[in-house]
Amino acid sequence: ILRNTVGRFRSEAGVLKAAARRKEALSQSIDLQMQETKKLVARSQAAREDFLQTQKKLRDARNQLDALQGRLHRTEGEAWHLSADLQRAKGAQDVVSSARTCGDIAQKQRRLVQQEIKQIAKNCGI
């Protein structure tokens, strides 16, 4: 009620001048928001591209880890088979020990690779 009452006493020129100031302030605000929008959209697009590239690198690393895990499993099996074959032959204990050591190393490496694969799957769903 007060606004409508006081508003009657304002001149038309005063109302137009105030409206022009509000329009100018609104126009500046819109310009700033448009600039901010452009910056944020560009930043968002760059981040999305980086994310997709990183996700691809992670998928590639996961595939390579899977392949390495298979090779390590085969190597581990070969080392155990070799040590079993050598145990049958008498007098080859240092070779048997060496084959077992190779098998142990392959097994440790395979477990390390498995843990890394699990972490990628857990954290990234890949």
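Positions within a chain are numbered from 1, following the residues in the order the chain's sequence is written. At least 70 in pLDDT is required for a residue's local features to be given in this predicted model, at least 80 for side-chain atom pairs to be given and counted, and no such filter applies to totals for whole chains, interfaces and linings, which use all residues. Computation of side-chain values: all heavy atoms of the structure, hydrogens and water removed.

Okay, the overall build of the protein next. Helix and strand definitions follow DSSP, with helices as H or I runs of at least four residues and strands as E runs of at least two, each counted in order from the N terminus. Across its full length, the protein carries three helices and zero strands. Secondary structure elements in the protein, listed N-terminal to C-terminal, are α-α-α. Computed over its C-alpha atoms, the radius of gyration of the protein comes to 36 Å, more than 25% above the 14 Å expected for a compact globule of 126 residues. A principal-axis box enclosing the C-alpha atoms of the protein has dimensions of 115 × 30 × 20 Å. Burial classification: accessible surface area is computed with a 1.4 Å probe over protein chains only, and a residue below 20% of its type maximum counts as buried, one above 50% as exposed, and the rest as partly exposed. When the 126 residues of the protein are sorted by exposure, 15% land in the buried category. When we talk radius of gyration, it's over C-alpha atoms, and the globule rule is simply 2.2 Å times the number of residues to the 0.38.

What follows concerns a nonpolar patch on the surface. Patch definition: residues with relative accessible area over 30% and no salt bridge; like charges joined within 9 Å; nonpolar side chains (Val, Leu, Ile, Met, Phe, Trp, Tyr) joined within 5 Å. Here, Shrake-Rupley sampling with a 1.4 Å probe gives the accessible areas, and only protein chains in the shown set may cover a residue. In the sections that follow, a salt bridge refers to a side-chain nitrogen of Lys or Arg positioned within 4 Å of a carboxyl oxygen of Asp or Glu. A surface patch of nonpolar side chains, amounting to about 280 Å² of accessible area, comprises Leu26, Ile30 and Met34. The topology assignment puts Leu26 in helix H2 (residues 12-88). You can call Leu26 exposed: its relative accessible area is 53%.

All chains considered together, the criterion is met by three salt bridges. Here Asp60 ties to Lys56 by a salt bridge, and the two come within 3.1 Å at their closest N and O atoms. Highlighted residues: Asp60 and Lys56, both in helix H2, separated by four residues, approximately one helical turn. The closest approach of N and O atoms between Asp66 and Arg62, which form a salt bridge, is 3.3 Å. Here Asp66 pairs with Arg62, and both are found in helix H2, just four residues apart, close to one helical turn. Residue Asp66 is classed as partly exposed on the basis of its relative accessible area, which comes to 32%. When its relative accessible area of 18% is taken as the criterion, Arg62 is described as buried.

Before going further, it helps to spend a moment on the nonpolar core. Among the buried residues, those of types Ala, Val, Leu, Ile, Met, Phe, Trp, Tyr and Cys that are joined through side-chain atoms within 4.5 Å form a nonpolar core. The biggest cluster of nonpolar side chains holds five residues, and these are Leu65, Leu72, Val113, Ile117 and Ile120. Contributions of two or more residues to this core are made by H2 and helix H3 (93-124).

Lines fitted to the C-alpha atoms define the axes, with helices restricted to the stretch that makes contact. Angles between their N-to-C directions range from 0 to 180 degrees. At their nearest, the axes of H2 and H3 sit 8 Å apart, and the two run at 155° to each other. Considered as vectors, H2 and H3 are oriented roughly antiparallel to each other. Classified by chirality, the crossing of H3 by H2 is left-handed. Residues are sorted three ways: Asp, Glu, Lys and Arg are charged, Ala, Val, Leu, Ile, Met, Phe, Trp, Tyr, Cys and Pro are nonpolar, and all the rest, Gly among them, are polar. A per-class count over the contact of H2 with H3 returns 18 nonpolar, nine polar and seven charged. The labels follow the angle: roughly parallel below 35 degrees, roughly antiparallel above 145, roughly perpendicular from 65 to 115, and oblique for the rest. Note on convention: the crossing is left-handed when the near helix lies turned anticlockwise from the far helix by less than a right angle, right-handed when the turn is clockwise.

Our next topic: the confidence of the model for the protein. Here the protein averages 87 in pLDDT, while 90% of its residues score no lower than 70. In the model of the protein, helix H1 (residues 2-9) stands out as the element of lowest mean pLDDT, 58, in contrast to H2, which has the highest, 91. For every residue, the predictor states its confidence as a pLDDT score lying anywhere from 0 to 100.

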